[in-house]
Amino acid sequence: APPPAIELVGINKRFGSVQANRDVTLRVEKGAIHGIIGENGAGKSTLMSIVYGFYEADSGAIRIDGRPVTIATSADAIAAGIGMVHQHFMLVDSFTVLENVMLGAEGGALLQVGADKARAELLRLGREFGLNVDPDARVADLPVGDQQRVEILKALFRHCSILILDEPTGVLTPQETDQLFRILRALKSRGVTVLLITHKLKEVLAITDHVTVMRAECG
């Protein structure tokens, strides 16, 4: 069998006296939509923030395609093919869609790609994944569902093969949620592995192939 797209082994993370993740082990198969469900405080977002390089685990290992990786920063995560759409979007409102996508990793320098090339790639990704957004629209003028698409486009533009979405439907209308699920299925059909963090059971049942339940520790 092929190695999992991503494997976490024995991940521990503590913030002061709070143990956010205790000995978490998780396997996510390649090209699957994998739901991570649990109540608030179960450590879902902390775990994904470790995978995306916002936090470093106190102990444990991360493997991508069977190979051990060290993810100390978001740049490391992006280089390993991991993209993340946060609950609160990381977009610059006053910039256009194109400018946001060209912005370097989490606000670094502009990517060394010409705007014309970037625009052509954006339009191609839009067609391929049903992510159509006007590259010249100002992000501030876009509805929330389209802003989320820009975040997904940003990750795909950086060649992510693993996409993490943190509570992605929290801000969406039911119609936008349906559109998002269509996009996720299109990603899956192209071999992208999707990790969906949510506390909505109905959604998990509607879209995921596998589910991991994280429980909060009592006391």
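See above for the structure.
Described in the following lines is the structure provided in the data block. (Residues numbered from 1 in each chain as written. Predicted model: local features only at pLDDT ≥ 70, side-chain atom pairs only at ≥ 80, totals over all residues. Heavy atoms only, no water.)

1. Side note on helix 1 (residues 44-51)
Most of helix 1 is tucked away, with seven of its eight residues classed as buried. Residues of helix 1 that are buried include every one of Lys44, Thr46, Leu47, Met48, Ser49, Ile50 and Val51, and no others. Immediately downstream of helix 1, the backbone of Gly53 shows phi near 80 degrees, a positive value. (Buried < 20%, exposed > 50% of the residue type's maximum accessible area, 1.4 Å probe, protein only. Helix = DSSP H or I, 4+ residues; strand = E, 2+ residues; numbered from the N terminus.)

2. Side note on the pattern of salt bridges
Counted according to the given criterion, the structure contains 13 salt bridges. Between Arg27 and Glu29 there is a salt bridge whose closest N-O contact spans 3.6 Å. What makes Arg27 partly exposed here is its relative accessible area of 43%. Judged by its relative accessible area of 29%, Glu29 is partly exposed. Salt bridges here are not isolated pairs; linked through shared partners, they connect Glu7, Arg27, Glu29 and Arg63. (Salt bridge = Lys/Arg side-chain N within 4 Å of Asp/Glu carboxyl O.)

3. Some words on the sheet that holds strand 7 (residues 162-166)
Taken in spatial order, the five strands make up an open sheet running 6-7-8-3-9, and their pairing is parallel. A strand with exactly one partner marks an edge of an open sheet, and here the two such strands are strand 6 (82-85) and strand 9 (210-213). The sheet shows a mean angle of 20 degrees between the axes of neighbouring strands, direction not considered. Relative to strand 8 (residues 193-198), strand 7 is paired through five bridges, and the arrangement is parallel. Across the sheet, the residue bridging to Leu163 is Val194, located in strand 8. Contacting strand 3 (33-37), strand 6, strand 7 and strand 8, helix 1 runs over the sheet at an angle of about 150 degrees to strand 8. Across the sheet, helix 5 (residues 144-157) is in contact with strand 6 and strand 7; its angle to strand 6 comes to roughly 170 degrees. (Pairing = 2+ DSSP bridges. Axes fitted to C-alpha atoms, helices over the stretch in contact; angles between N-to-C directions. Contact = heavy atoms within 4.5 Å.)

Purely geometric numbers; function is a separate question.
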